[in-house]
Amino acid sequence: MPELPNGGAPGLHAALIRNTGYLVSRLGMFASKRFAERIETVGLTPRMWGALNVLDAEESVTQHQLGKSIGMDPSSMVAAIDELERQGLVERRRHPTDRRAHALHITDQGRETLKRGRALAREAQEELLAPLNADERRELHELLLRLAHAAGAAGGPPKVS
């Protein structure tokens, strides 16, 4: 690997590493790419993986509720659900109380795919967090969750000051 000015690593020039936002952005791109590459092997995208996790936890939700839970706009949500349904991972059923809506349910095949996807996600996470010990991992998770909540990315609207 060629040495960069000021001892920086590729993509991490010393002039850039002073900026926390840049580091978070670069790490996010790296983590997202590795995660997506892994779960693609079971036919999922990150959004599809997220949808299956929510459906597994909630049993049944409307398309609107699911989109809101994973931060996906309605137009993208339809395509993602269509693909999950095409793969046999999710099924639409009549909503028990709202005739205008469908309830989404994860199938047994969806649970099996999710199980494999979760194992791959753990591998990606282990690779990403390998330089950190258990306490550092917990602290990083807590800090990231606090930032996500403050930014409105972990549910609820962003806080405006």
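Our subject is the structure listed above.
A. View of unusual backbone geometry. In this structure, glutamate 59 takes a positive phi of about 75 degrees despite not being glycine. With respect to the element layout, glutamate 59 can be found in the loop between helix H2 (46-58) and strand S1 (61-62). Judged by its relative accessible area of 49%, glutamate 59 falls in the partly exposed class.

B. Looking closely at the side chain of threonine 107. In this structure, threonine 107 sits in the loop between strand S3 (102-106) and helix H5 (108-129). Among residues more than four places away in sequence, those in contact with threonine 107 are Gly88, Leu89, Val90 and Glu91.

C. Representation of the packing of aromatic side chains in the model. One pass over the full model with this rule turns up one aromatic pair. Where phenylalanine 35 meets tryptophan 49, the ring centres are 5.1 Å apart and the plane angle is 85 degrees; that geometry is what we call edge-to-face. With phenylalanine 35 in helix H1 (residues 20-40) and tryptophan 49 in helix H2, this residue pair connects regions lying 14 residues apart in the sequence. Assigned by exposure class, phenylalanine 35 and tryptophan 49 land together as buried.

D. Focus on the packing of helix H3 (residues 63-70) against helix H4 (residues 74-86). Viewed as axis vectors pointing N to C, H3 and H4 meet at an angle of 105 degrees, and their least axial separation amounts to 10 Å. Classified by the interaxial angle, the pair formed by H3 and H4 is roughly perpendicular. Contact residues: H3 offers Gln63, Leu66, Gly67 and Ile70, while H4 offers Met77, Val78 and Ile81. The residue inventory of the contact of H3 with H4, partitioned by class, reads five nonpolar, two polar and no charged.

E. Here's a closer look at the sheet that holds strand S2 (residues 90-94). Read across the sheet, three strands follow the order S1-S3-S2 without closing on themselves; strand pairing throughout is antiparallel. Because the sheet does not close on itself, it has two edges, and the strands there are S1 and S2. In terms of strand pairing, S2 meets S3 through five bridges, oriented antiparallel. Within S3, the residue paired with arginine 93 across the bridge is alanine 103.

Definitions and cut-offs
Residues numbered from 1 in each chain as written. Predicted model: local features only at pLDDT ≥ 70, side-chain atom pairs only at ≥ 80, totals over all residues. Heavy atoms only, no water. Helix = DSSP H or I, 4+ residues; strand = E, 2+ residues; numbered from the N terminus. Buried < 20%, exposed > 50% of the residue type's maximum accessible area, 1.4 Å probe, protein only. Contact = heavy atoms within 4.5 Å. Phe/Tyr/Trp six-rings, centres within 6.5 Å; stacked < 30°, edge-to-face > 60°. Axes fitted to C-alpha atoms, helices over the stretch in contact; angles between N-to-C directions. Parallel < 35°, antiparallel > 145°, perpendicular 65-115°, else oblique. Nonpolar A, V, L, I, M, F, W, Y, C, P; charged D, E, K, R; others polar. Pairing = 2+ DSSP bridges.

These figures come from the coordinates and say nothing about function on their own.
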